[in-house]
Amino acid sequence: MTPQERRRQSVRELTRHYILTGRLLPRACERCGSERSIHAHHADYAKPLEVEWLCASCHALHHIRER
């Protein structure tokens, strides 16, 4: 695993911990308003608790457009 991949994994684990302990609360998708299958998207892994809440569809579209 590269250092960048390790950083991403660490941030994802921290985010999961904060969600499970109630310190970070998922909301509806910030793009379409859906409340189903919400993901925490990190625009900047240096800011692990700054997330954009996206449904699975919007999250996938974001990464497709990003490429």
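Residues numbered from 1 in each chain as written. Predicted model: local features only at pLDDT ≥ 70, side-chain atom pairs only at ≥ 80, totals over all residues. Heavy atoms only, no water.

A few points about the pattern of salt bridges
Side chains carrying opposite charge are able to pair once their charged atoms draw close together. What counts here: When a carboxyl oxygen of Asp or Glu is within 4 Å of a side-chain nitrogen of Lys or Arg, the pair counts as a salt bridge.
As enumerated under the stated definition, the model contains two salt bridges in all. One salt bridge in this structure joins Glu 30 and Arg 27, with 2.9 Å as the shortest N-O distance.

Describing helix H2 (residues 56-66)
Where we set the bar: With a 1.4 Å probe rolled over the protein chains alone, any residue whose accessible area is under 20% of its type maximum counts as buried; one over 50% counts as exposed, and the rest are partly exposed. Comment: elements are numbered from the N terminus, with helices defined as DSSP H or I runs of at least four residues and strands as E runs of at least two. Directions pointing from the helix axis toward each C-beta atom define the arc. Should any heavy atoms of two residues lie within 4.5 Å, those residues are counted as being in contact.
Every buried residue belonging to H2 is among Cys 58, His 59 and His 62, and all of these are buried. The buried residues of H2 all sit within an arc of 105° when viewed along its axis, so they share a single face. Of the exposed residues in H2, those oriented more than 90 degrees away from the buried face are Ser 57 and Ile 64. Looking at the buried residues of H2, the elements they touch are strand S1 (38-41) and strand S2 (52-55).

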